[in-house]
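# Chain and residue survey
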Amino acid sequence: LASLLGEPLPQSLPSPQSPDEARLDASRVLTNLAATGGGGASSENNYYGMVDERWCDVIVRSSALASLIGALGSISPQPSAASASELALCEQSAWAIGNVGGDSQHARDAARDAGAIPNLIRALRAGFQLGRSNQELSSGMMTVGLCRNSSWALSNLARGTYTSAEPFLSSSGGDGLFTLRDLSELLAAEEIVRRDAGPDAAAGMAPVLSVDGVSGPDVVVEVPDATWLDVGNEVAWIVTFLLAREDDAVEFLIGSQGDNALCESLAYRLSRASEDATAGRDAEHSLRMCIPCVRAVGNAAAACDGRHVARLIQTTSSSTAGGGSPLFSSIPISLARLIQSGATLGGDFATVASEAAWAAGTLLCDAGPPPPHPSTTACDILIPSLCSTVTAGIARLELKREAVAAIGNAAATPPALWGADQNAVWTETLPVRRRLLISIAESDGFIGALTGLLLSFDADAVFAAVQLVDSLLRNLDDVPAVRRLFEEADCPDALERVCDRASAESNYGQGDRWRGTGSASEQSAEIAANIIDDVFEEDLIKDEAEEPFNVGTTETSSGETRYVFGAGSTGLAGSGRFDFSGGSGPVGGQVLSQTPQGRGMGRGRGRGMVKPSWMRQQQS
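Within any chain, residue numbers begin from 1 and follow the written order of that chain's sequence. Selection of residues for local features in this predicted model requires a pLDDT of at least 70, selection of side-chain atom pairs for listing and counting requires 80 or more, and totals for whole chains, interfaces and linings are taken over all residues. As a convention, hydrogens and water are excluded, and side-chain values are obtained from all of the structure's heavy atoms.

## Quick word on the overall build of the protein chain
Comment: elements are numbered from the N terminus, with helices defined as DSSP H or I runs of at least four residues and strands as E runs of at least two. Of regular secondary structure, the protein chain possesses 27 helices and 6 strands. Per-residue burial over the protein chain gives 52% buried out of 620 residues. For the protein chain, the share of sequence-separated contacts (at least 6 apart) that also reach a separation of at least 24 residues comes to 69%. Per-residue and other accessible areas were derived by the Shrake-Rupley procedure at a 1.4 Å probe size, with only the shown protein chains allowed to occlude residues. Accessible area for the protein chain stands at about 27,500 Å²; split by element, carbon and sulfur atoms hold 52% of it. Exposed residues in this analysis have more than 50% of their type's maximum accessible area, buried residues have under 20%, and partly exposed residues fall in between, with area computed by a 1.4 Å probe over protein chains only. Working rule for contacts: check all heavy atoms of both residues, and any pair within 4.5 Å makes them a contact.

Written out as structure tokens, the structure reads:
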């Protein structure tokens with residue numbers, strides 16, 4: 001079947017003599033065939049091993065892919081001159097190419113090499129120009145589907161582990177490449193279409209389309225619903241993938257001198273989506289829009305050694321943002337809004353909030369220099385939401401983990417860049433970071449919640465928590481109240497349990513001790529052991545010295561020696577029994593302590609096992 005259909009179908013696409021209905025049907029068949037299977041021709045994800053003859057492989061190897069790209073490029077350079085049948089064929093061809101691009105990296109590379117990217121960008125640009133012009137409403141509706149499918153196909157082609165951003169971008173827009181203006185306007189497509197073509201065109205709902213010349217005039221062809229907001233969402237994914245590529249691409253998109261259009265469009269789109277989601281206005285669609293915008297912010301902040309963090313934080317409303325839209329919130333305010341909603345609403349909000357907490361952490365890495373440093377000022381907006389998330393009882397563990405990691409980024413010494421001395425950076429930023437750490441420690445219930453994360457079975461959450469504990473105790477070592485809060489939360493015991501868990505994992509089956517350089521669990525144990533040694537060891541030794549634990553012996557009437565737990569050094573009569581009431585009453589004429597005494601000091605560096613509670617009962 002593959003060999004029979006691989007060539008005849010694409011032959012009807014580029015032929016002007018073919019009826020419009022036949023060309024459209026051929027593109028639909030190729031669209032459906034390209035959607036079958038997935039994962040490429042690799043046997044890694046294939047139950048039956050290496051299978052080359054799958055439909056995407058047939059389409060890529062045959063002339064079908066070139067025919068689809070050629071049909072997509074048939075749209076008139078003057079969009080107003082394009083017929084409805086041309087638009088319908090281009091829309092369906094873009095859908096088929098998107099399915100090919102979503103199949104595997106091999107298929108993406110083949111589509112890119114065949115010239116799919118320039119034709120898709122030309123189609124997207126032409127459809128957007130027609131949609132924002134005051135043309136006939138039915139034609140304007142059709143361009144919504146064309147733009148949605150073209151942008152979705154481009155987002156699939158931008159995926160991949162080693163896909164380059166170079167084939168997508170150009171400073172002049174020549175040869176069918178994106179410019180900054182293209183991306184910034186397409187992100188705000190709904191607002192621009194509403195401004196230029198009116199609110200009816202901005203709605204852009206197209207459940208049915210009238211296509212002239214397909215089986216006679218005015219025959220209805222059904223297509224999936226599409227809106228200009230969907231177009232903006234797909235373009236946001238394109239921007240997200242491109243910002244995850246080469247630093248040169250990030251410099252072009254974010255760091256262009258004097259052009260802040262893309263930052264403004266991202267900030268506007270994130271502000272509106274977060275406001276609509278938290279207010280319950282189409283929350284599902286709004287959260288879907290938040291995800292690519294949040295990831296785009298995080299990718300841009302993490303690239304180029306953080307050189308663009310200041311621009312992302314300081315982006316504010318202007319008359320050009322969002323096509324003349326109203327004022328919008330800054331990126332830190334939008335992130336804080338999403339983080340707070342995730343802690344209180346849960347569900348999908350918590351998933352998006354975890355992404356927002358990660359993005360917040362990328363913005364706070366450089367916090368520490370005195371205000372008005374952007375990252376330092378952003379702490380006033382983001383840290384309260386992050387702290388309240390950690391202390392929220394209903395917040396998901398993954399959200400708490402990302403929140404603690406973000407707070408840890410703000411509390412840590414900023415990375416020394418461009419040849420700066422790390423010690424000088426530490427000294428310069430210490431006063432600001434101390435004030436920040438004190439405010440974090442004073443957050444109601446934060447120390448207790450942070451100590452609770454040390455007992456989690458999520459190794460990454462434990463690692464983030466123990467790093468923050470280390471930062472708080474070492475930078476605030478002269479603040480007795482902070483240490484007292486940790487002691488009241490039983491932090492020394494939690495730190496010992498971190499060490500014990502790493503010891504158990506390392507000893508099981510191999511007899512080796514952890515070295516602190518392997519897994520996240522071992523690295524956490526190394527930090528925890530150092531904290532115990534440097535901060536809490538004196539108290540632990542003092543507790544052991546003041547209230548030693550003794551194991552005595554007694555001899556039965558038959559001469560058998562038995563061990564008596566809790567016996568004094570001089571031994572007690574056999575009537576001295578363990579009190580399971582916790583010391584609330586006399587046992588054998590003695591009153592046992594109502595409070596468990598003593599702690600397991602361990603075998604150096606906090607690695608010892610904690611004594612169980614039944615062994616810690618002492619006689620007074």
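## A look at unusual backbone geometry
Cis peptide bonds are those with omega within 30 degrees of zero, and the linkage from proline 371 to proline 372 qualifies with 10 degrees. Along the chain, proline 372 falls in the loop between helix 19 (348–363) and helix 20 (374–391). Positive phi is not limited to glycine here, since aspartate 282 has a value of about 50 degrees. The backbone phi angle of cysteine 304 is positive, close to 55 degrees, even though this residue is not glycine. Position of cysteine 304 among the secondary structure elements: in the loop between helix 16 (283–302) and helix 17 (309–314).

## Quick word on the pattern of salt bridges
We define a salt bridge as a side-chain nitrogen of Lys or Arg found within 4 Å of a carboxyl oxygen belonging to Asp or Glu. Scanning the entire structure with this criterion turns up 23 salt bridges. The closest approach of N and O atoms between glutamate 355 and arginine 295, which form a salt bridge, is 2.8 Å. Taken together, the positions of glutamate 355 in helix 19 and arginine 295 in helix 16 put the pair 60 residues apart, joining distant regions of the chain. Where salt bridges share partners, they join Glu190, Glu191, Arg194, Arg269, Arg272, Asp276 and Arg281 into one cluster.

## Some points on the side chain of serine 170
If you trace the backbone, serine 170 turns up in the loop between helix 9 (137–157) and helix 10 (180–187). Here serine 170 is in contact with Leu177, Phe178, Thr179 and Phe252, once residues within four sequence places are set aside.

## Focus: the state of the cysteines
In this description, a disulfide is simply a cysteine sulfur pair whose atoms lie within 2.5 Å. Tallying each qualifying case throughout the model produces 0 disulfides. You can see cysteine 290 has no disulfide; the closest cysteine sulfur is in cysteine 293, sitting 7.0 Å from it. Its relative accessible area of 0% is what places cysteine 290 among the buried residues.

## Points about the packing of aromatic side chains
Each Phe, Tyr or Trp ring, with Trp reduced to its six-membered ring, pairs with another whose centre is within 6.5 Å; inter-plane angles below 30 degrees give stacked pairs, above 60 give edge-to-face pairs, and intermediate values give tilted ones. Using the criterion set out here, one finds 3 aromatic pairs in the structure. Sitting over a ring, as applied to charges here, requires NZ of Lys or CZ of Arg to be within 6 Å of the ring centre and within 35 degrees of the ring normal. Above the plane of the ring of phenylalanine 457 lies arginine 501, whose end atom (NZ or CZ) is 4.4 Å from the centre.

## Comments concerning the packing of helix 8 (residues 116–132) against helix 11 (residues 189–197)
Packing of helix 8 against helix 11 leaves a shortest axis separation of 8 Å and a crossing angle of 40 degrees. The pairing of helix 8 with helix 11 is recorded here as oblique in orientation. Taken together, the residues of helix 11 that come into contact with helix 8 (itself represented by Phe128, Gly131 and Arg132) are Ala189, Ile192, Val193, Arg195, Asp196 and Ala197. Each residue is assigned to one of three groups, with Ala, Val, Leu, Ile, Met, Phe, Trp, Tyr, Cys and Pro labelled nonpolar, Asp, Glu, Lys and Arg labelled charged, and all others, Gly among them, labelled polar. Split into classes, the residues belonging to the contact of helix 8 with helix 11 amount to 5 nonpolar, 1 polar and 3 charged. Working convention: axes come from line fits to C-alpha atoms, limited for helices to the stretch in contact. Angles between N-to-C directions cover 0 to 180 degrees. If an angle is under 35 degrees, it is roughly parallel; if it is over 145, roughly antiparallel; if it lies from 65 to 115, roughly perpendicular; otherwise it is oblique.

## A look at the nonpolar core
By convention a nonpolar core is built from buried Ala, Val, Leu, Ile, Met, Phe, Trp, Tyr and Cys residues, the set being connected through side-chain atoms within 4.5 Å. Residues Leu169, Phe178, Leu253, Leu335, Ile383, Leu386 and Phe486 are the most contacted members of the largest nonpolar core, which totals 153 residues. Counting residues per element, this core draws most heavily on helix 13 (residues 228–243), at 10 residues. Contact partners of leucine 335, with chain neighbours within four places excluded, come to Leu270, Val294, Ala356, Ala359, Ala360, Leu363 and Leu382.

## Details of the packing of helix 5 (residues 64–72) against helix 6 (residues 84–101)
Each pair of packed helices can be described by the angle between their axes along with the distance between the axes. Close contact between helix 5 and helix 6 brings their axes to 8 Å; oriented N to C, the two are set at 140 degrees. It follows from the interaxial angle that helix 5 and helix 6 lie oblique. The handedness of the crossing between helix 5 and helix 6 is left-handed. Of helix 6, the residues touching helix 5 (which contributes Leu65, Leu68, Ile69, Ala71 and Leu72) are Leu89, Cys90, Ser93, Ala94, Ala96, Ile97 and Val100. A breakdown of the residues in the contact of helix 5 with helix 6 according to their chemical character gives 11 nonpolar, 1 polar and no charged. What makes a crossing left-handed is the near helix being turned counterclockwise from the far one by less than a right angle; a clockwise turn instead makes it right-handed.

## Focus: helix 22 (residues 422–441)
Residue pairs three or four apart in sequence face the same way in an α-helix, which turns once every 3.6 residues. At leucine 430, helix 22 shows its strongest bend, of approximately 50 degrees, with the proline proline 431 following within four residues. Considered for burial, the residues of helix 22 that qualify are Val425, Thr429, Leu430, Val432, Arg433, Leu436, Leu437, Ile440 and Ala441. In this fold, the buried residues of helix 22 make contact with helix 20, helix 21 (397–411), helix 23 (446–454), helix 24 (459–475) and helix 25 (480–488). One axis fitted to the seven residues ending at a residue, another fitted to the seven starting there: the angle between these axes is the bend at that residue.

## Points about the environment of proline 292
Along the polypeptide, proline 292 turns up in helix 16. Each C-alpha atom, one on proline 292 and one on glutamate 355, is 9.7 Å from the other, the two residues being 63 residues apart in sequence. For proline 292, the residues in contact, after removing those within four places along its chain, are Asn233, Ala236, Trp237 and Thr240.

## A closer look at a negative patch on the surface
The patches reported here contain residues having more than 30% relative accessible area and no salt bridge. Joining distances are 9 Å for like charges and 5 Å for nonpolar side chains (Val, Leu, Ile, Met, Phe, Trp, Tyr). By the counting scheme adopted, Arg and Lys are positive, Glu and Asp are negative, and His together with the chain ends is not counted. Where a charge lies is defined by one atom per residue type: Lys uses NZ, Arg uses CZ, Asp uses CG and Glu uses CD. A surface patch of like charges, here negative, comprises Glu166, Glu246, Asp247, Asp248 and Asp305. By the element assignment, aspartate 305 lies in the loop between helix 16 and helix 17. Of the residues examined, aspartate 305 reaches a relative accessible area of 52% and is grouped as exposed.

Honestly, it's all geometry; don't read function into it.
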